[in-house]
Amino acid sequence: MCAVVLADGFHAGGREGARERLTQFWEGVANAGRASPYRRTPTMAFLNAFMPNWAQTSYAALWADMASRWASPYDFNPLNVNPLKEVLEELVNFEHVRACDAIKLFIGATNVETGRIRIFENAELTADHLMASACLPQLFQAVVIDGAPYWDGGYTGNPALFPLFGVEASRDIVIVQINPIERPGVPQKAVHITARVAEINFNANLLSELRAIDFVGRLVDEHRLPEGRYRKMLIHNVSEGVALTPLGLGVDLNTDLSFFRSLFDTGRQAADRWLADHFSALGKRSTVDLDAMFRAAPAPEGAKPLR
């Protein structure tokens with residue numbers, strides 16, 4: 001969704017237009033989520049200053065999580081009301097998105113019936129495609145596009161990297177990974193265990209694609225693949241082991257604007273660090289050591305394992 005909102009704003013007003021539209025979008029999400037049980041009340045905001053995990057153990061959040069285990073969205077939301085779609089349709093000019101040739105978009109969704117990922121590109125994008133890409137089946141009814149039902153694209157690609165292999169303008173893939181592959185320590189609270197299991201499941205496809213990229217890259221280095229038919233992709237990761245989101249129940253559904261702003265600050269800091277340390281490597285070398293990740297080999301100088 002951030003990519004589509006960015007493309008809309010960029011097409012209309014360049015970089016400043018993109019920043020403005022992203023701000024409008026997340027403020028719109030916060031306003032639309034006022035009724036969310038995961039949203040902090042003023043009391044929770046006050047207590048959070050003294051108990052940082054308060055928002056992760058609120059009774060409303062726990063109730064909503066338990067309810068989703070015995071009732072489906074077809075039961076508790078038969079009319080399929082979704083405020084997020086209304087925000088998208090109000091704020092995003094999809095004609096701009098479809099016409100934007102400066103930013104190429106690849107939006108993934110999982111076909112419920114086949115279990116395969118489907119990639120949608122600029123020329124076909126609508127609000128339905130974005131809702132499909134973010135459709136968590138415990139909370140929302142499947143989104144039907146061209147007769148096929150879709151769930152969140154993260155189940156089959158989080159994010160999907162293979163569409164970028166054919167972009168000839170660059171070999172660089174810069175990943176903004178919200179949930180880290182590694183988190184130190186063993187979670188012991190039930191909500192943290194559940195959240196960590198979800199992270200591992202969602203990261204599995206990313207690891208598979210990175211392993212394939214590593215394998216092809218080694219074959220290219222060894223001249224075992226036909227020259228010109230395969231490229232060695234250069235992999236980078238903005239977060240570099242820094243968890244951009246906390247671990248806990250309700251984090252992904254928290255629509256509190258102050259929570260969003262704290263995430264924005266964390267993301268900007270991670271981006272600033274990465275740009276200062278690695279910007280000069282773009283187009284030249286990977287800054288993620290895939291070899292160390294998959295074979296525990298010594299890391300080349302200046303490269304860091306993806307976390």
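Fair warning: this is a prediction, and the values are worked out from it, not measured in the lab. Residue numbers run consecutively from 1 along every chain, following the written order of its sequence. Side-chain atom pairs in this predicted model are given and counted only at pLDDT of 80 or more, local residue features only at pLDDT of at least 70, and totals for whole chains, interfaces and linings cover all residues. With hydrogens and water set aside, each side-chain value is computed from the structure's full complement of heavy atoms.

J.: Any details on a nonpolar patch on the surface? Residues and values, ideally.
T.: Together, Val-112, Trp-151 and Tyr-155 line one region of the surface with nonpolar side chains, adding up to about 220 Å² of accessible area. Runs of E in the DSSP output that reach at least two residues are strands. Runs of H or I that reach at least four are helices, and both are numbered from the N terminus. By secondary structure assignment, the location of Val-112 is in the loop between strand S1 (106-111) and strand S2 (117-121). For every residue, the accessible area obtained with a 1.4 Å probe (protein chains only) is divided by the maximum for its type, and the residue is called buried under 20%, exposed over 50%, and partly exposed between those limits. Overall, Val-112 belongs to the partly exposed group, its relative accessible area being 31%. Here the term patch refers to residues with relative accessible area over 30% and no salt bridge, with like charges joined within 9 Å and nonpolar side chains (Val, Leu, Ile, Met, Phe, Trp, Tyr) within 5 Å. Exposure was quantified through the Shrake-Rupley algorithm and a 1.4 Å probe, taking into account, for residues, occlusion by the shown protein chains and nothing else. Salt bridges are defined by distance alone: a side-chain nitrogen of Lys or Arg within 4 Å of a carboxyl oxygen of Asp or Glu.

J.: Go over helix H8 (residues 190-221), please, and point to the residues and values.
T.: Multiplying 1.5 Å by the helix residue count minus one yields the expected span of that helix. Between the first and last C-alpha of H8 there are 45 Å, a value that for 32 residues agrees with the 46 Å anticipated at 1.5 Å per step. To get the bend at any residue, fit one axis to the seven residues that end at it and another to the seven that begin at it, then take the angle between the two axes. At Ala-204, H8 shows its largest kink, close to 35°. Where H8 ends, the next residue or the one after it, His-223, has phi of about 55°, a positive value.

J.: Before we move on, can you summarise the packing of helix H1 (residues 2-32) against helix H5 (residues 83-91) with the specific residues and values?
T.: Angle between the axes and distance between the axes are the two parameters that describe a pair of packed helices. A fitted line through C-alpha atoms serves as each axis, taken over the contacting stretch for helices, and the angle formed by two N-to-C directions is quoted from 0 to 180°. The interhelical angle for the contact between H1 and H5, taken along N-to-C directions, is 150°, at an axis separation of 10 Å. With respect to H5, the element H1 is oriented roughly antiparallel. As H1 runs across H5, the sense of the crossing is right-handed. Residue-level contacts link Asp-8, Arg-21, Gln-24, Phe-25, Gly-28, Val-29 and Ala-32 of H1 to Pro-83, Leu-84, Val-87, Leu-88 and Leu-91 of H5. Note on residue classes: Ala, Val, Leu, Ile, Met, Phe, Trp, Tyr, Cys and Pro are nonpolar, Asp, Glu, Lys and Arg are charged, and everything else, Gly too, is polar. Split by residue class, the contact of H1 with H5 holds eight nonpolar, two polar and two charged. Note on angle classes: values under 35 degrees are labelled roughly parallel, values over 145 roughly antiparallel, values of 65 to 115 roughly perpendicular, and the remainder oblique. Should the near helix be turned counterclockwise from the far one by less than a right angle, the crossing is left-handed, whereas a clockwise turn marks it as right-handed. What makes two residues a contact is simply this: any of their non-hydrogen atoms within 4.5 Å.

J.: Give me the side chain of Asn-237: which residues, what numbers.
T.: Relative to the elements of secondary structure, Asn-237 occurs in strand S6 (residues 234-237). Distance and chemistry together define a polar contact, namely a pair of N or O atoms within 3.5 Å, with one atom able to donate a hydrogen and the other to accept it when in protein, and with adjacent residues in sequence counting only for side-chain atoms on both sides. One polar contact links Asn-237 to Ser-239, side chain to side chain, over a distance of 3.3 Å.

J.: I'd love a proper account of the pairing of S2, names of residues and values included.
T.: As paired strands, S1 and S2 are joined by five bridges and run antiparallel to one another. The residue of S2 that forms the bridge with Phe-106 is Glu-121. We treat two strands as partners when DSSP finds at least two bridges between them. Once S1 ends, the chain turns through five residues before running back antiparallel as S2, passing Gly-115 with a positive phi of about 75°.

J.: Describe in detail the confidence of the model for the protein, supporting the description with residues and values.
T.: You can read pLDDT as the predictor saying how much it trusts each residue, on a scale of 0 to 100. Chain-level pLDDT for the protein is 85 on average; 83% of the residues reach the 70-or-more range. Under a pLDDT of 50 for its full length, residues 41-57 has, in the predicted model, 18 contacts with residues more than four places off or in other chains.

J.: Residues and numbers for the environment of Phe-120, please.
T.: Along the polypeptide, Phe-120 turns up in strand S2. Judged by relative accessible area, Phe-120 falls into the buried class, the value being 0%. Residues Phe-120 and Ile-107 lie 13 residues apart in sequence; the distance between their C-alpha atoms is 5.0 Å. Apart from residues lying up to four places away in sequence, Phe-120 is in contact with Leu-105, Phe-106, Ile-107, Ala-109, Leu-125, His-129, Ile-145 and Tyr-150.

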